[in-house]
Amino acid sequence: MKAFILSIGDELALGQTIDTNSAWMSQQLASIGCDVAGHMTVSDDKIAIRDAMTYLVGLCDVLIVSGGIGPTDDDLTRFALADAMGVELYLDEGWAKEVEGFFTRIGRVMPKQNQVQAMMPVGATSIFNTCGTAAGIRAKLKGKDVFVTPGVPKEMKAMFDRDIKPFVKTFAGGAAIVSSTLHTFGQGESTIAEKLGDLMNRSRNPSVGTTVSGGIVSLRVNSRFESVERATEELRKTEQQCEALLGDLIFGKEDQTLPMAIASLLTQGREKPLTVATAESCTGGLIAKMLTDLSGSSSYYMGGFVTYSNKSKYERLGVNMEMLNVYGAVSEQVVLQMARSARRLMSTTYGISVSGVAGPTGGSPTKPVGTVCIGLAYLEPGGGKTEDHVFSMARTFQLPGDRDMIRDRSAKMALTLLRFHLMQKPTPFQ
Ligand code: ATP
Ligand code: MG
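The present account deals with the structure reproduced in this document. Keep in mind it's a predicted model, so treat the numbers as computed, not measured.

In this section: the overall build of the protein. Secondary structure assignment for the protein yields 14 helices and 17 strands. Computed over C-alpha atoms, the radius of gyration of the protein comes to 29 Å, more than 25% over the 22 Å expected from 2.2 N^0.38 for 430 residues, which places it beyond the range of a compact globule. Taken over 430 residues, the protein has a buried fraction of 48%. Taking all contacts inside the protein whose residues are at least 6 apart in sequence as the whole, residues at least 24 apart take part in 68%. As displayed, the protein has an accessible area near 20000 Å², and 51% of this comes from carbon and sulfur atoms. Side chains of the protein carry 44 positive and 45 negative charges; the gap between the two charge centres is 5 Å.

Now the structure itself:
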């Protein structure tokens, strides 16, 4: 069974209110095996609502509409539906009494305007509203089932659970859609798609699709089968296939973030957590922010330095002035010193550092905007005590985007270098 969701309201069309109803309904429908062909939002305009309904029933088996059934002049959904069906409205006496009773109970006389909430297109029936005065509407349009619910999220949800879900469940044949999300960082969407190959075939079930947000490429796996058990089993198999093809590029699942992945590598299975210190220039403390987004991070993140000027790199981290002058602040030589100093000053296992040209100014032909150097210093726990025992490495990246994007990707790249070092794996990029 295929559904389409239509939301009605000026505030939604104008972007003043986010359409959370449609997202919620989609998730509910998916969980009971009903495919959702799409969402549409229309303003409080009778003709537009009528035309949208007429068009959308051609794309689905069931159309679910939310909003526009209140008592005011801008509530036009019932009139639009009657027009689309080519019928008049009638008064549903039963619901009219419910509405009157509601007002009596709160000690008021029903305003005449509220009677419209009991008006139904001929051929349609009302759906009981357990927490409001607007009845829902159930109708047939061009042979397809149409449900109309109030826009108020609480009322919509109650009506959906009580009346719409059981209907869809019966006709969706008890099938189930089970989903999961895997997150990667370090390679672009097209590279990931190339690695996944046939797994991304549009007709495959479970299906695999990619989305990108903040440089993180996420794989969304949807598994549609006759039962939740089978759908879950097939989902796991496809996840394993994705993992086999992408390996350590995957840092987490569902709500897991990059800092969480690092937290578990630093702490899990260890009596004493490994520890980290940071030295940041162009990211201005963003790595520290990301690491401390997690509560409990004080057990492994000791602190850091924001050394934005050359002077502070010299004074606080002891970066060699001559080196700053000869190689420049954005250089592997400088980030190596920054990482080593942060680690030494904080007595941590790791020091990580970033220095880059975030732009829009400050670029040069040899170091254009987006040039970012990342350093990492590591002293094995229980290893030697002198600086000679410290391992260090630096990498230079050319990152795309504006200032915000370059800073964000620099911080994530630094965390990714740390992650791969913790896993004792070579980084899969550059
Ligand atoms: P009724 O609920 O009486 O049928 P309506 O939904 O058009 O009519 P409104 O007064 O326009 O009533 O909306 C009620 C509240 O519900 C408003 O705060 C509105 O922003 C919110 N709302 C309506 N539709 C949605 C939606 N799709 N997603 C999230 N909130 C919504
Ligand atoms: Mg409205």
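So, on to helix 13 (residues 332-346). Given a rise of 1.5 Å per residue, 15 residues ought to cover 21 Å, and the 21 Å separating the end C-alpha atoms of helix 13 matches this to within 8%. Among all positions of helix 13, only Val334, Val335, Met338, Ala339, Ser341, Ala342 and Arg343 are buried. Two residues or fewer after helix 13 comes Ser347, characterised by a positive phi angle close to 50°.

Once that is clear, we can look at a negative patch on the surface. A contiguous patch of negative charge on the surface is contributed by Asp10, Glu11, Asp45, Asp73 and Asp74. Within the secondary structure, Asp10 sits in helix 1 (residues 10-13). Residue classification places Asp10 among the partly exposed positions, given a relative accessible area of 34%.

Our focus in this paragraph is the packing of aromatic side chains. Following the criterion strictly, the structure yields 5 aromatic pairs and no others. With 5.3 Å between their ring centres and 90° between their planes, Trp95 and Phe128 make a pair best called edge-to-face. Of the two residues, Trp95 sits in helix 5 (residues 93-105) while Phe128 sits in the loop between strand 6 (125-127) and strand 7 (136-141), which places them 33 residues apart along the sequence.

The next subject is the packing of helix 2 (residues 20-31) against helix 6 (residues 153-171). Interhelical geometry of helix 2 versus helix 6 gives an angle of 25° and a closest axis separation of 11 Å. Compared by their axis directions, helix 2 and helix 6 come out roughly parallel. Viewed along their axes, helix 2 and helix 6 form a crossing whose handedness is right-handed. Of the residues in helix 6, those touching helix 2 at Asn21, Trp24, Met25, Gln28 and Leu29 are Pro153, Met156, Lys157, Phe160, Asp161, Lys165 and Val168. In terms of residue class, the contact of helix 2 with helix 6 is built from 7 nonpolar, 2 polar and 3 charged.

On to the site of ligand 1. Inspection of the region around ligand 1 gives 18 residues, with Asp19, Gly68, Ile69, Gly70 and Gly151 positioned closest. In this structure, an oxygen atom belonging to ligand 1 sits 2.8 Å away from a main-chain N or O atom of Gly68. Between ligand 1 and Val152 there is a distance of 3.5 Å, counted from an oxygen atom to a backbone nitrogen or oxygen. Burial of ligand 1 by the protein chains amounts to 75% of its free accessible area of 610 Å². For the shell around ligand 1, a count of residues per class yields 6 nonpolar, 9 polar and 3 charged.

Before going further, it helps to examine the pairing of strand 3 (residues 62-66). In terms of burial, strand 3 is a largely internal element, 5 of the 5 residues being buried. With burial as the criterion, each face of strand 3 is covered, one bearing Val62, Ile64 and Ser66 and the other bearing Leu63 and Val65. Both strand 1 (residues 2-8) and strand 3 contribute to a ladder of 5 bridges, which runs parallel. The partner of Leu6 across the bridge, within strand 3, is Val65. Sheet topology places strand 3 next to strand 8 (residues 144-149); 5 bridges connect them, and they run parallel. Residue pairing across strands places Ser66 opposite Thr149, the latter belonging to strand 8.

Inspection of the entire model under this criterion finds 18 salt bridges. Of the charged contacts in the structure, one is a salt bridge between Glu233 and Lys237, with a shortest N-O distance of 4.0 Å. In this pair, Glu233 and Lys237 both sit in helix 8 (residues 228-246), 4 residues apart, roughly one turn of the helix. Assessed through its relative accessible area of 41%, Lys237 is described here as partly exposed. Three or more residues are tied together by salt bridges with common partners; here these are Glu226, Arg230, Glu233, Glu234 and Lys237.

Next up on the list: the side chain of Thr348. With respect to the element layout, Thr348 can be found in the loop between helix 13 and strand 15 (350-356). At 2.7 Å, the side chain of Thr348 and the backbone oxygen of Tyr350 are in polar contact. In this structure Thr348 touches Thr275, Val276, Ala277, Met302, Ala342 and Arg343, once residues within four positions along its chain are discounted.

About the thresholds
- Along every chain, residues carry numbers that run from 1 in the direction the sequence is written.
- Both sets of labels track the order of writing: A upward for chains, 1 upward for ligands.
- Totals for whole chains, interfaces and linings use all residues, but because this is a predicted model, local features are given only for residues with pLDDT of at least 70 and pairs of side-chain atoms are given and counted only at 80 or more.
- Here the side-chain values reflect all heavy atoms present in the structure, with hydrogen atoms and water set aside.
- Helix and strand assignments follow DSSP, with helices taken as H or I runs no shorter than four residues and strands as E runs no shorter than two, numbered in order from the N terminus.
- For this measure, only C-alpha atoms enter the radius of gyration; the expected value for a globule follows 2.2 Å times N^0.38, where N is the number of residues.
- Burial classification: accessible surface area is computed with a 1.4 Å probe over protein chains only, and a residue below 20% of its type maximum counts as buried, one above 50% as exposed, and the rest as partly exposed.
- Throughout, a residue-residue contact means that at least one pair of heavy atoms, one from each residue, lies within 4.5 Å.
- For the area figures, the Shrake-Rupley method with a 1.4 Å probe applies, and any residue is considered shielded solely by the protein chains shown.
- Lys and Arg are tallied as positive, Asp and Glu as negative. Neither His nor the chain termini are counted.
- Every charge is mapped to an atom, namely NZ of Lys, CZ of Arg, CG of Asp or CD of Glu.
- A helix is expected to span 1.5 Å multiplied by its residue count minus one.
- Residues form patches when they are more than 30% accessible in relative terms and have no salt bridge. Like charges link within 9 Å. Nonpolar side chains (Val, Leu, Ile, Met, Phe, Trp, Tyr) link within 5 Å.
- Each reported salt bridge corresponds to a side-chain nitrogen of Lys or Arg within 4 Å of a carboxyl oxygen of Asp or Glu.
- Side-chain rings of Phe, Tyr and Trp, where Trp is taken by its six-membered ring, are said to pair if the distance between their centres is within 6.5 Å; with planes under 30 degrees apart they count as stacked, over 60 as edge-to-face, and otherwise as tilted.
- Axes here refer to lines fitted to C-alpha atoms; in helices the fit is confined to the stretch in contact. Angles between the N-to-C directions go from 0 to 180 degrees.
- Roughly parallel means an angle under 35 degrees; roughly antiparallel, over 145; roughly perpendicular, 65 to 115; everything else is oblique.
- In this scheme, a crossing is called left-handed if the near helix is turned counterclockwise away from the far one by less than a right angle; it is called right-handed if the turn is clockwise.
- Any residue outside Ala, Val, Leu, Ile, Met, Phe, Trp, Tyr, Cys, Pro, Asp, Glu, Lys and Arg is labelled polar, Gly included; the first ten of those are nonpolar and the last four are charged.
- Working definition: residue near molecule or strand if any one of its non-hydrogen atoms lies within 4 Å of it.
- As used in this structure description, the phrase polar contact means that two N or O atoms lie within 3.5 Å; if the pair is within protein, one of them must be able to donate a hydrogen and the other to accept it, and residues adjacent in sequence are counted only when both atoms belong to side chains.
- Paired strands, as defined in this entry, are two strands with at least two bridges between them according to DSSP.

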